[in-house]
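Chain by chain, the residues run as shown.
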Amino acid sequence: MNIKLKKENRNVNCAIWNNSQSNDVLIIAPGIAISGWHYRAMADYFFNKCYSVIIFDYFGMIHSKKTSLINTIKLCDWGRKDINMVIAYALKEFPGQKLFFLGHSIAGQLFPLAKNSSKVTAAFLVASQNLSQRNWSGLPKLKVYLLWHLIIPFFVNFLGYLPGVAYGGKYDLHKSIATDWAKWGKSKLGLLSVVKDAKLKYKNLDVPVKFLSFSDDAQLAPLKAVEHLYDSYGSTRKSHEHICPKEVGLEAIGHFNFFKKDYSKLWTKIDSWFDQVNYPQ
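Now for a look at the structure at hand. (Residues numbered from 1 in each chain as written. Predicted model: local features only at pLDDT ≥ 70, side-chain atom pairs only at ≥ 80, totals over all residues. Heavy atoms only, no water.)

**Digging into the overall build of the protein chain**
Let me state the cut-off plainly: Numbering of helices and strands runs from the N terminus; a helix is a DSSP stretch of H or I covering at least four residues, while a strand is a stretch of E covering at least two. Residue exposure (1.4 Å probe, protein chains only): buried if accessible area is under 20% of the type maximum, exposed if over 50%, otherwise partly exposed. Contacts were defined at the residue level, with two residues in contact if any of their heavy atoms lie within 4.5 Å. Here the accessible surface of atoms and residues is derived via Shrake-Rupley with a 1.4 Å probe, and residues count as covered only by protein chains that are part of the display. Only four residue types enter the charge count: Lys and Arg as positive, Asp and Glu as negative, with His and the chain ends excluded. By convention, the point assigned to a charge is CZ for Arg, NZ for Lys, CD for Glu and CG for Asp.
Counting its regular elements, the protein chain contains 10 helices and 10 strands. If one aligns the C-alpha atoms of the protein chain with their principal axes, the spans along those axes are about 55 × 45 × 35 Å. Across the 281 residues in the protein chain, those meeting the buried criterion constitute 55%. Intrachain contacts of the protein chain at a sequence separation of at least 6 include 72% that bridge at least 24 residues. Within the structure as shown, the protein chain displays about 13000 Å² of accessible surface, and the carbon and sulfur contribution to it stands at 51%. A distance of 7 Å separates the average location of the 36 positive side-chain charges in the protein chain from that of its 21 negative side-chain charges.

Below, the structure written as structure tokens:
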């Protein structure tokens, strides 16, 4: 089922797997410049595990003639408004059910910004990182430096948006999203240096959370960047697992492959974590 959530002149497109036998609901929050449909196989997996599942797209992420006229889009509002809106919908439509959150990449930075994030039973964050360029090293650091300081400012000023080909992505990004993305990257503490009261929201969020990262994701989510985000969370029950692909019988995982069906043998890490929280021994 596809629906459109609307609030404060924002539209958030969602797809819902409604499992009538479910007692649990899972929200899957995407990374930047990634369609919610990238996570369809994961949604099918959890539907078959007796979860109802919601995937969605952030408002205004993709540049278009329509969104180019909107100057009030902010990256932090994907957490404060969009994730908040999806959580509110889940709480209303699935009363009495436990709510779980699965975030990819930037979703882990945005999750604590949602006012109702504390309503979530547990969160699982995949390749989520703090964007400060200080968390990168070597050639990957040079690449992100060029992205934050040269590529994004040039294309936003020249074209009015960030073309996908300029950053190696599939979609053209809205100018405001691209500009905020660069601002977070150039800041000493990432979004914690830029977004008002973010430090306090992170510190006060006491939701059980597990981080998962990969040794071959040095370009987009290096270990230091993941650990920076992990340390920022105030949760009293949190853990971090860092995987080397070859140790789990895989050639590569990187930043995106975890959510593909061919990697489903790793997905039990998610529902086993949720079960630990749901049924503590």
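**Concerning the sheet that holds strand β10 (residues 238-243)**
Backbone-to-backbone hydrogen bonds join strands into a sheet, with any given pair of strands oriented parallel or antiparallel. Convention followed: Criterion used throughout: strands pair if DSSP finds at least two bridges between them. To get an axis, fit a line to the C-alpha atoms, keeping to the stretch in contact for a helix; angles then go from 0 to 180 degrees between the N-to-C directions.
Strand order in the open sheet made by the 8 strands is β1-β2-β4-β3-β5-β6-β9-β10, with mixed pairing throughout. At either margin of the open sheet sits one strand with a lone partner, and together these are β1 (2-7) and β10. In this sheet, adjacent strand axes meet at a mean angle of 20° when their direction is disregarded. By the bridge criterion, 6 bridges tie β1 to strand β2 (residues 10-17) in an arrangement that is antiparallel.

**Looking at a nonpolar patch on the surface**
To keep things clear, this is the line we draw: Patch building starts from residues that exceed 30% relative accessible area and form no salt bridge, then joins like charges within 9 Å and nonpolar side chains (Val, Leu, Ile, Met, Phe, Trp, Tyr) within 5 Å. Should a side-chain nitrogen of Lys or Arg be within 4 Å of a carboxyl oxygen of Asp or Glu, the pair is scored as a salt bridge.
Taken together, L139, L142, Y145, L146 and L150 make up a surface patch of nonpolar side chains, about 470 Å² in accessible area. Turning to its location among the elements, Y145 is positioned in helix α4 (residues 138-159). For Y145, a relative accessible area of 41% corresponds to the partly exposed category.

**Here's the deal with the pattern of salt bridges**
Inspection of every chain in the model, using the stated rule, returns 7 salt bridges. A salt bridge links D271 to K49, with the shortest nitrogen-to-oxygen separation between them at 3.7 Å. Of this pair, D271 sits in helix α10 (residues 268-278) while K49 sits in the loop between α1 (40-48) and β4 (51-56); the two residues are 222 residues apart in sequence, bridging distant segments of the chain. Under the relative-accessibility criterion, K49 is labelled partly exposed at 41%.

**Quick look at the packing of α4 against helix α6 (residues 175-186)**
This is how it is decided: When describing relative orientation, an angle under 35 degrees is termed roughly parallel and one over 145 degrees roughly antiparallel, while 65 to 115 degrees is termed roughly perpendicular and anything else oblique. What makes a crossing left-handed is the near helix being turned counterclockwise from the far one by less than a right angle; a clockwise turn instead makes it right-handed. Classes in brief: Ala, Val, Leu, Ile, Met, Phe, Trp, Tyr, Cys and Pro nonpolar; Asp, Glu, Lys and Arg charged; the others, Gly included, polar.
Two elements in contact, α4 and α6, have axes separated by 9 Å at closest approach and are oriented at 160°. Taken together, the axis directions place α4 and α6 in an arrangement best described as roughly antiparallel. With respect to the hand of their crossing, α4 and α6 are arranged in left-handed fashion. Contact residues: L147, W148, H149, I152 and V156 in α4; K175, A178, T179, W181, A182, G185 and K186 in α6. Across the contact of α4 with α6, the residue classes break down as 7 nonpolar, 3 polar and 2 charged.

**A look at the environment of L229**
With respect to the helices, strands and loops of the structure, L229 is situated in helix α9 (residues 223-232). You can call L229 buried: its relative accessible area is 0%. Separated by 36 residues in the primary sequence, L229 and K265 place their C-alpha atoms 26 Å from one another.

**Digging into α4**
Three- or four-residue spacings in an α-helix give side chains the same orientation, since the helix completes a turn every 3.6 residues. Here is the rule: A helix's residues, less one, multiplied by 1.5 Å, set its expected span. What the bend at a residue measures is the angle between two axes, fitted to the seven residues ending there and to the seven starting there.
Between its first and last C-alpha, α4 extends 30 Å over 22 residues, near the 32 Å set by a 1.5 Å rise per residue. Maximal helix bending in α4 amounts to about 45°, located at L147. Three or more residues of α4 are buried, namely P140, V144, L147, W148, I152 and V156. Residues of α4 that are buried in the fold lie against β7 (161-162), α5 (164-167) and α6.

Keep in mind these values describe shape, not function.
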